[in-house]
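So you can see what is in the structure, the chains are spelled out below.
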Amino acid sequence: VDLNGVRDTVIGATTVALLPVLRLLLVSVFPEAGQEQYALNGPLSAQYDFIIVGGGTAGCILAARLSEVPEWRVLLLEAGGPPPLESNVPAFLPISYIPGYTEDWGYSTVPQKYSSQNFANHAARQPQGRVLGGGSTVNGMMYVRGNRRDFDRWAAWGNPGWDYLSVLPYFIKAEDYRGEVQQTEAFHGRSGPIGVTPGPMTPLTRAFIQGGQELGYPVIDYNGPEQLGFSVTYFSIKDGVRSSTAREYLKPANKRPNLHILHSATVHRVIFRDKRAVGVRFEYNKKMLTVGALREVIMSAGPVASPKLLMLSGVGPKEHLQQHKLKVVADIPGVGQNVHDHVEILGLSWLGVKGTSSLGLLETFNPIAIKQHRATRQGPVGAAPLNFLNAWVKVSQEGDPLWPDMQLFFNGATIAYDKGTINSGFWGFDKKKFKEYMGEILGREGFCIRPILGLPKSRGTITLKSTNVHDHPNIDPQLLSHPDDVKALVKGIKVALAMGNTSAFIHNFGAKFYDKPLPGCTGEIYGSDSYWVCYVRHMSTTFYHLTGGCKMAPASDPYGVVDHTLRVRGVGGLRVVDASIMPFITNGNTNAPTIMIAEKGSDMIKQEWKRSAGLNI
């Protein structure tokens, strides 16, 4: 019997059973919410100026920005539905990570050779939003721009206009910063769509920042000029409500007569004529429909679906397309290559005195807390759970000393705090191995620190499993296939251990590291580098930030897919605008950079068509 499959089925069934009750409670909290907000505004037309494939983080922004031009008719196609009520509530964010959640695509990687050995089938879960707003509707809401050197590297590798000083205005444009005025005020926006709110200053937050100072790191605003150091966490929350691109961009634009939104529509392929994209073929209400594009088709289906749909449309590596008997429109070897993700290490846990752990989902899932949120938009329901905190440190001696290579992600609970009921399924652990290692601390108070590889060198692929659009592709990021990634994570573990053992945590919370040797690594000397290498191989998984499968690069790069204006090489009338274009992943959570990419991409499209048609945009 597949115990992991049984566990996930039970968890999924329980979630499906409870969600209607929760949504009923939330109707009074969000009376303005409803599917009609995103209903098709008028009959579907035969042709549009722009067709946007995918209504995720980037697609919602593109639809809103391009429809600002009254002369342009814009169609947004999204496979998922409207944002569910619970997605508005910050404290309920863990719900979207439960296996079987209908607003998630349910992706997993193929079995990994070098990582994830303690996970079911040696595979890493890869949640991706299947809903309007995409990741911004279902993610952890951590708003992290990345390091300025990330973008300077993009430009240095042949992508003009993507250096930090060129992209900074788009970060500012998108942001409605809700924090106090500080020295980094010039780096923030105060009137953009996306609310950005600093997390509360809790006792754990104070200990985290104090511990960083004990280790010699400064207190910083990581969305300001520099990222190296410790900080409170910034969340995409506005007035106690999740600030998604569906809510902040698409909802206000929906009343425009020139914007049509069609959700629950699955795009099968892009239609080409003489190597120019002229429309899309999609499935809606069990019928196949075709709509034409007069100007462009814009692929914003996300880091998995964008390369997949390009290949299903005949744009990709010639040999791979021919293997699946697909007509080759353009031989673009880089489609589905350069796939990479941040890698995190789970399991590093500290036990503490009573009151150490922060509020979790179960504590906020109650009518009293929901009633408070309805009245004031405050309280535990209006904030992210588990006291999420972030720091960026430098563990290698190479390169720019101000360019961190390791993110430390602090959680105000261990991964065993729920007594093993849900968390093992959240992460996709092998149930037996999870219990064997964490069984002694199930339900205990404490916290964990998760080292996350900021600048991974390992690269993998996304390839077609079949030509059926409903089949998930093969996602193989080949996590930790580059030996430098493993070495960096071992160093990251040592920094995490030093952090958890600072006086800030020991004196204030009685913190004691859970030092049980990991089963499977008992043949190594505990605490040695070889032990931690083994630990990394077993307890590593993705951080759900897949990028790179439609790489932005100059013509000289054989694995480039789009140019610096995000136009797909080898064809006309087609762009990709989402996280898949990143040549190198940014240093931190990727939703904020994706918002920037969409804002900048929208401007480039407007400017290009303005030049060619003389429009007053």
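None of these values were measured; they are calculated from a predicted model.

Visitor: Can you help me understand the overall build of the protein in this one?
Guide: Helix and strand content of the protein: 17 helices and 26 strands. Along the first, second and third principal axes, the C-alpha set of the protein runs to 65 × 55 × 55 Å. Relative to its 617 residues, the protein shows a buried fraction of 62%. Nonlocal contacts in the protein, meaning residues at least 24 apart in sequence, comprise 74% of its contacts between residues at least 6 apart.

Visitor: Help me out: how do you make sense of the UniProt feature "domain: Glucose-methanol-choline oxidoreductase N-terminal" (unreviewed entry) in the protein in this one?
Guide: With numbering aligned to this structure, UniProt lists the feature "domain: Glucose-methanol-choline oxidoreductase N-terminal" (unreviewed entry) at residues 129–152 and 302–316. Taken end to end, residues 129–152 is 38% helix and 0% strand, and its first and last C-alpha atoms sit 29 Å apart. Here residues 302–316 runs as 73% helix and 13% strand, with 16 Å between its end C-alpha atoms.

Visitor: Whenever I open this one, the pattern of salt bridges confuses me. Can you help?
Guide: Here the idea is simple: oppositely charged side chains can pair when their charged atoms come close. Tallied over the entire structure, the rule returns 26 salt bridges. One salt bridge in this structure joins E68 and R65, with 2.9 Å as the shortest N-O distance. A relative accessible area of 36% places E68 in the partly exposed class. Looking at R65, the relative accessible area reads 13%, which means it is buried.

Visitor: Could you clarify how one ought to interpret the environment of Q397 in this entry?
Guide: Looking at where Q397 falls in the secondary structure, it is placed in the loop between strand 19 (389–393) and strand 20 (406–411). The exposed category is assigned to Q397, whose relative accessible area is 76%.

Reading guide: rules and limits
Residues numbered from 1 in each chain as written. Predicted model: local features only at pLDDT ≥ 70, side-chain atom pairs only at ≥ 80, totals over all residues. Heavy atoms only, no water. Helix = DSSP H or I, 4+ residues; strand = E, 2+ residues; numbered from the N terminus. Buried < 20%, exposed > 50% of the residue type's maximum accessible area, 1.4 Å probe, protein only. Contact = heavy atoms within 4.5 Å. UniProt positions renumbered as here; feature names shortened; annotations may be inferred. Salt bridge = Lys/Arg side-chain N within 4 Å of Asp/Glu carboxyl O.

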